[in-house]
Amino acid sequence: MAPIGTLYGPMPNFRNYKPRVVAQFLGLELNTTPNFSFGVDNKTPEYLAKFPSGKVPTFEGAKGINLSDSSAIAYYVASQAGSDSPLLGRTAEETAEILQFILFAEADLMPAVAGAIYPILGFMPFVKPAHQHSEEQCFRFLGVLNSLLVDKTFLVGERITVADVIVACDLITVYQLYLTSEDRKKYRNLTRYFKTIVNQPAFKAVVGEVVLCTERIKPAAPVNKKAEKKAEKKPVEQPKKAEKKVEKEVEEEEEEPKPKPKSKLDLLPPPKMIFDDWKRFYSNNNTKPDAMNWLWENYDDEGYSFWKVEYKYNNELTKLFMTNNLIGGFFSRLERARKYAFGSLLTLGKDDDNMIWGYFIVRGKEVPEEVTDAADYESFNWSPADHKDPKTRAEIEDCFAWEGPNLPRECYDGKTFK
Ligand SMILES: N[C@@H](CCC(=O)N[C@@H](CS)C(=O)NCC(=O)O)C(=O)O
């Protein structure tokens, strides 16, 4: 049988799994895009012409349909087995129930799951009250599913449907990263159900073994102190109001830089080294020796200063990839400092025993307010560094190169702010 169409988007991904698992269940062939580059391929004019949201996953069907949204695609794929598709409802009531669970998963469950887990993975800023609220909502919705499943094997009717595939895919991260065996006892029905679905041969063929969480991932991300302090000032209210309040706090937080003051750094005497020249040279040349030689020849001690930057809570860091995401999150909140700072922060060490360490060059002789204003600035120690000291200079060189004998530990990964 000819492929029913092409599923676009990076793999593996829990959204991508939904249509793929459905296709596998039904023995339908579905083309995929294993080399899809997220952020690049979904931004091309050709992609946007077909899928204006620019999101993933998307689907281009052999029958001339373009679809966005993983669940809509999964539903469509399920329908390609004919009007009596085993994964769709047999009656209007079952169809409505399937729709109900798909919408519940998308509108209630997933936002709560994302709000509880993504800040810990560094995909979103960690704002304690917002995280707490999402976590409560997440447990609430898991409880809803748990009670619905007390005497049921599947969500709708007596057999597996597309609703089960979608809900189970949305629960994968929760079971992999969040619900420990203790937690799972609270959601026995849901856990039994989840295991039933993920152990279906078609599910396993696409997703593989889902390894259940042994230890819940912890918030290693630096806390947004300002938002937290503001939230602490006011008593916690009913969930709905609290939710609005948290949103408002975050909005206020984001609004703070307005009206944008001209940076006082722009009033300093013009530097002898142009920051952009350095950034360009660094980007286009080998760091050692070429870029570093350029820096030492051109560095302007009057106009800039070096800072050693170390994370204050290294003992709370766990997985290396999460540590590196944390650096990415910090850098995204340093956007205002882009013109006035350059630096590398490295993830050093191994899983469950790692650290963030690095060096920055900033405009002026103090850490500028464009940096100190960043929500997570206080989670890092910034200490002045003497680049003329041979040991410090060697560390700076290895830091900017992300390798070398002068790093305190083995470099797993890093990020350069430039
Ligand atoms: N409801 C959609 C959500 C899709 C979605 O948000 N995808 C993310 C990646 S997981 C995305 O494309 N983000 C890029 C963007 O928002 O521009 C689905 O399930 O497919």
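All residue numbers refer to positions counted from 1 along the written sequence of the respective chain. Side-chain atom pairs in this predicted model are given and counted only at pLDDT of 80 or more, local residue features only at pLDDT of at least 70, and totals for whole chains, interfaces and linings cover all residues. Side-chain calculation: all heavy atoms of the structure are included, whereas hydrogens and water are not.

As recorded in an unreviewed UniProt entry, the protein goes by Elongation factor 1-gamma and comes from Coemansia thaxteri.

A. Broad picture of the pattern of salt bridges. Any Lys or Arg side-chain nitrogen located within 4 Å of an Asp or Glu carboxyl oxygen qualifies as a salt bridge. In this structure the tally under the stated criterion is 19 salt bridges. Ionic pairing is found between Asp-301 and Lys-388, a salt bridge with its closest N-O pair at 2.9 Å. Highlighted residues: Asp-301 in the loop between α13 (287-298) and β5 (304-311) and Lys-388 in the loop between β8 (380-385) and α16 (390-401), separated in sequence by 87 residues. Type-normalised accessible area, obtained with a 1.4 Å probe on protein chains alone, sets the label of each residue: buried when under 20%, exposed when over 50%, and partly exposed for intermediate values. Here Lys-388 falls in the exposed class, since its relative accessible area comes to 54%. Note that Arg-336 and Asp-373 form a salt bridge whose closest N and O atoms lie 2.9 Å from each other. With a gap of 37 residues between them, Arg-336 in the loop between α14 (320-332) and β6 (341-350) and Asp-373 in the loop between α15 (369-372) and β8 connect regions that are remote in the sequence. Numbering of helices and strands starts at the N terminus; helices are DSSP runs of H or I of at least 4 residues and strands are runs of E of at least 2.

B. Representation of the sheet that holds strand β7 (residues 353-363) within the structure. The strand order β8-β5-β7-β6-β9 describes an open sheet built from five strands, whose pairing is antiparallel. Each edge of the open sheet carries a strand with a single partner, namely β8 and β9 (411-417). Across the sheet, the axes of successive neighbouring strands diverge by a mean angle of 20 degrees, strand direction being ignored. Of the pairings in the sheet, the one linking β6 to β7 comprises 10 bridges and is antiparallel in character. Residue pairing across strands places Lys-350 opposite Asp-353, the latter belonging to β7. Whether two residues are in contact is decided by their heavy atoms: any pair within 4.5 Å suffices. An axis is simply a line fitted to the C-alpha atoms; with a helix, the fit covers only the stretch in contact. Between two such axes, the angle follows the N-to-C directions and lies from 0 to 180 degrees. Running at roughly 105 degrees to β7, α16 makes contact with β5, β6, β7 and β8 of the sheet. At least two bridges found by DSSP between two strands are what make those strands a pair.

C. Looking closely at the packing of helix α5 (residues 128-148) against helix α8 (residues 188-198). Relative to each other, α5 and α8 sit at 80 degrees, their axes nearing to 7 Å. As far as their axial angle goes, α8 and α5 are roughly perpendicular. Counted together, Leu-142, Leu-145 and Asn-146 of α5 and Arg-188, Asn-189 and Leu-190 of α8 form the full contact between these two elements. Polar here means any residue other than Ala, Val, Leu, Ile, Met, Phe, Trp, Tyr, Cys and Pro, which are nonpolar, and Asp, Glu, Lys and Arg, which are charged; Gly is therefore polar. Taken together, the residues of the contact of α5 with α8 break down into three nonpolar, two polar and one charged. The scheme is simple: roughly parallel for angles under 35 degrees, roughly antiparallel for over 145, roughly perpendicular for 65 to 115, oblique for anything else.

D. Inspection of unusual backbone geometry at higher detail. With omega at -5 degrees, the peptide bond leading from Val-56 into Pro-57 counts as cis. For Asp-352, which is not glycine, the phi torsion reads 65 degrees and is therefore positive. Within the secondary structure, Asp-352 sits in the loop between β6 and β7. The class of Asp-352 is partly exposed, set by a relative accessible area of 49%. Despite not being glycine, Trp-402 has its phi angle at roughly 65 degrees, a positive value. Among the secondary structure elements, Trp-402 is positioned in the loop between α16 and β9. A relative accessible area of 30% places Trp-402 in the partly exposed class.

E. Just the environment of Ala-291, in detail. Relative to the helices and strands, Ala-291 resides in helix α13. The spacing of Ala-291 and Phe-281 is 10 residues in sequence and 6.2 Å in space, taken between C-alpha atoms. Excluding its chain neighbours within four sequence positions, the residues that come into contact with Ala-291 are Trp-278, Phe-281, Tyr-282 and Asn-286.

F. How the structure looks around the site of the ligand. Neighbouring residues are identified by heavy atoms, a residue being near a molecule or strand if any of them is within 4 Å of it. Around the ligand, a shell composed of Arg-15, Phe-38, Lys-43, Lys-55, Val-56, Pro-57, Asp-69, Ser-70 and Glu-106 is seen. In this structure, an oxygen atom belonging to the ligand sits 3.0 Å away from a side-chain N or O atom of Arg-15. Within the side chain of Ser-70, a nitrogen or oxygen atom sits 2.6 Å from an oxygen atom of the ligand. To be clear on the numbers: accessible area is Shrake-Rupley with a 1.4 Å probe, and residue cover counts the displayed protein chains and nothing else. When the ligand sits alone it has 510 Å² of accessible area, and the protein chains cover 74% of it. Within 3.5 Å is the distance limit for a polar contact, defined as a pair of N or O atoms, with the added protein rule that one can donate a hydrogen and the other accept it, and that residues adjacent in sequence qualify only through two side-chain atoms.

G. Representation of helix α6 (residues 162-178). Under the convention used throughout, the expected extent of a helix is 1.5 Å for every residue step, that is, one less than its residue count. For α6, with 17 residues, the first-to-last C-alpha span of 24 Å sits near the 24 Å given by 1.5 Å per residue. The angle separating two fitted axes, one through the seven residues that finish at a residue and one through the seven that start at it, defines the bend at that residue. Along α6, the sharpest kink reaches roughly 35 degrees, centred on Leu-171. Most of α6 sits out of view: 15 of its 17 residues are buried.

H. A look at the side chain of Asn-146. Within the secondary structure, Asn-146 sits in helix α5. One polar contact links the side chain of Asn-146 to the main-chain amide nitrogen of Arg-188, over a distance of 3.4 Å. Excluding residues that lie within four positions of it along the chain, Asn-146 makes contacts with Lys-186, Tyr-187, Arg-188, Asn-189 and Leu-190.

I. Spatial organisation of the confidence of the model for the protein. Averaged over all residues, the pLDDT of the protein equals 90, while 90% of them reach at least 70. Across residues 223-228, where pLDDT falls below 50, the model places 18 contacts with residues more than four positions away in sequence or in other chains. Scored between 0 and 100, pLDDT is the confidence that the predictor attaches to each residue.

J. Expanded view of the sheet that holds strand β2 (residues 31-32). One open sheet accounts for four strands, arranged β2-β1-β3-β4; its pairing is mixed. Of all strands in the sheet, those with a lone pairing partner are β2 and β4 (66-68), marking the two edges. Where strand β1 (residues 5-8) meets strand β3 (residues 58-61), four bridges bridge the pair, whose relative direction is antiparallel. Looking at the pairing, Tyr-8 lines up with Thr-58 of β3. Sitting on the sheet, helix α3 (residues 70-79) touches β1, β3 and β4, and the angle it makes with β4 is about 135 degrees.

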